[in-house]
Structure formats: structure tokens, C-alpha cells
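# Inside the fold
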Amino acid sequence: MAAIYSLYIINKSGGLIFYKDCGTKGRMDTNDSLRVASLWHSMHAISQQLSPVNGCSGIELLEADTFDLHCFQSLPGTKFFVVCEPGTPNMESLLRYIYELYTDYVLKNPFYEIEMPIRCELFDINLTQAVQSDRVALLGR
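Summary of the structure given here. None of the values given here were measured: they were computed from a predicted structure.

On to a nonpolar patch on the surface. A cluster of nonpolar side chains, Leu39, Met43 and Leu62, forms an exposed patch at the surface whose accessible area comes to about 230 Å². Along the chain, Leu39 turns up in helix H1 (residues 30–50). Classification of Leu39 as exposed rests on a relative accessible area of 51%.

So this is what it looks like as C-alpha cells:
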């Protein structure tokens, strides 16, 4: 079974610019994925404002009975989040690696327009390899 269910990338204004299903459980249609991304962006922004800790960057982990949601926010404000099985290890490092792939294959692509949906074949290929290798590493533990 896949440890990672899905991956989302949200631009700084809250628009879903990338969505990938990585497992067979809980597949969503386009409207549902847009709703999840919008809801997460709103919750993340509200948590930054309501936090009693100065300099809080928002929610990084949401744990539920049936899934965990890990989030990484880049300095420009782009959010990367993964929905995975509860207790899946090393999701923070995977999200940072996905951010590196994003900077290497998307932002350096001369045909990509900032804040627009991601349509980059090299990013897709390398992302799939990263998720698959992470899945293999998880199964080996």
C-alpha cells in the first residue's frame, strides 16, 4: 500500500497550481482537490494570525485518525503539502526535496509563468521517482 496519498502545491495567493494522486485510496475529482487546497490555505493563514508565538509560520502537521497532512512553506509563500498514512516518517525531508525539484525544474523553466498551474514534464518525472523511491524506502523499514 502507498504511504503517500496525494501531493498539493499552492501558490502564495491560495490557488492550487499542482495536484498529484499517489495512491489508490481516497481519489478526488478536480473540484474536491481545489476545495482541499483552498481550505488548507485558509487554515494555514488563520493559524499564523492566531498563534500566541511570535513568528509562527503556520500549521506544519495535521494529524487525524486516518491520515496525516504535512506542510512546508517556502520563503516566497508557496505551500507544499502531502497527505499520507498516519505516522509516515521523513515527510519533512521529502517536502524539502520536492521544493528543490520545483525550483530546479519549474522555476528555471523559461516557459513557466509564476503562480500559474505547473505543466512541466521533467518535474512530473522526477517527482514520481522521488515519491516511488520514498515509498520503497518506507517499505524496507
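This next bit is on the pairing of strand S1 (residues 4–10). Along any regular strand the residues' side chains alternate between the sheet's two faces. Of all seven residues in S1, seven are buried, a share of seventy percent or more. Note: S1 against strand S5 (residues 79–84), six bridges, orientation antiparallel. Within S5, the residue paired with Ser6 across the bridge is Val83. Connecting the antiparallel pair S1 and strand S2 (residues 16–21) is a turn made up of five residues, with Gly14 showing a positive phi of about 100 degrees.

Right, let's talk about helix H2 (residues 91–107) for a bit. For H2, built from 17 residues, the straight-helix expectation of 24 Å at 1.5 Å per residue is met to within 8% by its first-to-last C-alpha distance of 22 Å. Taken together, the buried positions of H2 are occupied by Met91, Leu94, Leu95, Ile98, Leu101, Tyr102 and Val106.

Turning next to the nonpolar core. A general tendency of soluble globular proteins is for nonpolar side chains to be buried together. The biggest cluster of nonpolar side chains holds 24 residues, and the ones touching the most others in it are Tyr102, Ile118 and Phe123. For this core, the secondary structure elements donating two or more residues are S1, S2, S5, H2 and helix H3 (121–140). The leading source of residues in this core is H2, at seven residues. Leave out the neighbours within four places in its chain, and Tyr102 touches Ile17, Thr78, Phe80, Leu107, Tyr112, Ile118 and Phe123.

Analysis parameters
- Residues numbered from 1 in each chain as written.
- Predicted model: local features only at pLDDT ≥ 70, side-chain atom pairs only at ≥ 80, totals over all residues.
- Heavy atoms only, no water.
- Patch = residues over 30% accessible without salt bridge, like charges linked within 9 Å, V, L, I, M, F, W, Y side chains within 5 Å.
- Areas by Shrake-Rupley, 256 points an atom, 1.4 Å probe, with all protein chains shown as cover.
- Salt bridge = Lys/Arg side-chain N within 4 Å of Asp/Glu carboxyl O.
- Helix = DSSP H or I, 4+ residues; strand = E, 2+ residues; numbered from the N terminus.
- Buried < 20%, exposed > 50% of the residue type's maximum accessible area, 1.4 Å probe, protein only.
- Pairing = 2+ DSSP bridges.
- Expected span 1.5 Å × (residues − 1).
- Core = buried A, V, L, I, M, F, W, Y, C linked by side-chain atoms within 4.5 Å.
- Contact = heavy atoms within 4.5 Å.

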